[in-house]
Structure formats: C-alpha cells, structure tokens
Amino acid sequence: MKNYYWLPFKDDGWHSDTVARMSRSDAILPFLDGTAATRTRGGNSRPAGQWSDIGTGDQLFIGGHGHKYSTEKVTWVLGTGNVSWTASQLASAIKLKIANGGQRKIDFHILACFGANNMTPLAKSFGSKLAKELKARGFRGSLTAYKGATGMMAARGHQTGTSRMTALPHFAFGDGASTTGNPTKDAGVKWQLHP
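In short, a report on the structure. (Residues numbered from 1 in each chain as written. Predicted model: local features only at pLDDT ≥ 70, side-chain atom pairs only at ≥ 80, totals over all residues. Heavy atoms only, no water.)

For the protein, the helix and strand inventory stands at four helices and 10 strands. Taken from N to C terminus, the helices and strands of the protein fall in the order β-α-β-β-β-β-α-β-α-β-β-β-α-β. For the protein, the proportion of its 195 residues judged to be buried stands at 48%. Pairs at least 24 residues apart make up 66% of the contacts formed inside the protein by residues separated by at least 6 positions. As displayed, the protein offers around 9,500 Å² of accessible surface, 53% of which is attributable to carbon and sulfur atoms. (Helix = DSSP H or I, 4+ residues; strand = E, 2+ residues; numbered from the N terminus. Buried < 20%, exposed > 50% of the residue type's maximum accessible area, 1.4 Å probe, protein only. Contact = heavy atoms within 4.5 Å. Areas by Shrake-Rupley, 256 points an atom, 1.4 Å probe, with all protein chains shown as cover.)

Structure representation (structure tokens):
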C-alpha cells in the first residue's frame, strides 16, 4: 500500500502543509496542469508520483478547503483568486487522471475542513456527494472525509471542533486550529464505493 497526495492547484498554504505531512515513502502527484508538485517555496521536496502508479490498496489524499456555509464545493486559494469545484467536477477530474479506475480498489481521502459535516439534517456532506459521484464513475474502494476543521501547519493532524459551531470559537477569537484537539483521523466518516 502506498500513499499519494494530490492538490489539483498550487494553493501555497496547502501545498507546503501537504509536503510536510507526507512521509518519505509517500508520493505527490502533479498539479492539474501537469507541472511537478514535489517542491515548496521553502525548498522541501517529496518524491513525484504518477497517476498510472496508483494500484489496488493505495490511498489517494486530496487536499482542499471546505466552505463556511456550503457543502457544495471545495476550494483552492491561488495568488490570482480562488478556484472551487463541486463533487461532480472533482470526481470527473479524478476519472480523467486514473484510467480504468474501476479495476482497482482505491481508498480516497478528502482533506478539507467539514468534508463530512452536513449543514442541516437534509443537506448532504461534501464527502457523501463525492462518494456518490465516484460510484457513478465506476470507482471501487472507499472514500473518507473528516468532521470539523482539520488542522494545518502547527496544528497538523488535529481537529478543531466537530462541526462549524464547535470550531467557530477557535477561529473567531484568533486561536486558529487547536494543537491539542482530537486527532483528525478519529473524525473520519467512511463511504464504501463499489465492491
């Protein structure tokens, strides 16, 4: 089993954090435009991965930002403005990159704040929407999204609150993400794709 990380776009904050959270045996996939994503401005680097290398049992971690008041999309913050994708757009981009993805069981992870939270009891989470879109495109394996705000930088690997309401005080009063919260992995919600 190997871990692959993907940021479709070079979101400077997320890119540095992604490279920092990776182990030496993990690989980072190129940005959507095909440019290498292996090195940050600070000079940190990780091994480059290729989409064709992803096989059965591998994990694909997709980094992005959740939205404050929406479960409809994830966003990347670019120097020229933000780019947002719906679950359908993200699933389509993955389908274009992973040829014959339905022949392999891949464990997808969406690393975006509130990816497993519903806004209301009737509003589905971004994670559930992405799982549905991946299933529709024939992918097998699983998708995991996370509840609460997932920590970055100093708070990497920790969760700030379990919902928008419980995370709000940390951000509203300038604390930022908690470095003592529960591990992010404990906030995971998993959806099974095709068997």
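With that out of the way, let us pick up empty space enclosed by the protein. Which parts of space are left empty comes out when a probe the size of a water molecule is rolled across the atoms. One pass over the full model with this rule turns up two cavities of 30 Å³ or more. The computed volume of the largest cavity comes to approximately 60 Å³. In terms of lining, the largest cavity is formed by 12 residues, of which the most central are Gly 66, Lys 73, Cys 113, Phe 114 and Phe 126. Residues that form the lining of the largest cavity fall into these classes: five nonpolar, five polar and two charged. (1 Å grid on protein atoms, 1.4 Å probe; cavity = no way out; pocket = protein on both sides within 12 Å on 5 of 7 lines; lining within 4 Å. Points joined across faces, edges and corners; volume = space filled by probe spheres on them. Nonpolar A, V, L, I, M, F, W, Y, C, P; charged D, E, K, R; others polar.)

Before going further, it helps to spend a moment on helix α1 (residues 12–21). Listed as buried for α1 are Trp 14, His 15, Asp 17, Thr 18 and Val 19. On the buried face of α1, the contacting elements are β1 (3–6), β2 (27–28), β3 (59–63) and β6 (105–111).

Turning to the pattern of salt bridges, a few remarks are in order. What the rule picks out here adds up to two salt bridges. Across the salt bridge formed by Lys 129 and Glu 72, the nearest N and O atoms sit 2.5 Å from each other. Here Glu 72 lies in the loop between β3 and β4 (73–78) and Lys 129 lies in helix α3 (residues 126–136), a separation of 57 residues in the sequence. Two residues, Glu 133 and Arg 137, come together in a salt bridge whose shortest N-O distance is 2.7 Å. (Salt bridge = Lys/Arg side-chain N within 4 Å of Asp/Glu carboxyl O.)

For the rest of this paragraph, the subject is the packing of aromatic side chains. Counting across every chain of the model gives six aromatic pairs. Ring plane angle 80° and centroid distance 5.4 Å describe the contact between Phe 108 and Phe 139, whose orientation is recorded as edge-to-face. Taken together, the residues Phe 108 in strand β6 and Phe 139 in the loop between α3 and β7 (140–146) connect sequence positions 31 residues apart. Considered together, Phe 108 and Phe 139 belong to a single accessibility category, that of buried residues. The rings of Phe 9, Trp 76 and Trp 85 are connected pair by pair, giving a single aromatic cluster. A cation sits over an aromatic face here: Lys 95 above Phe 139, 5.6 Å from the ring centre. (Phe/Tyr/Trp six-rings, centres within 6.5 Å; stacked < 30°, edge-to-face > 60°. Lys NZ or Arg CZ within 6 Å of the ring centre and 35° of its normal.)

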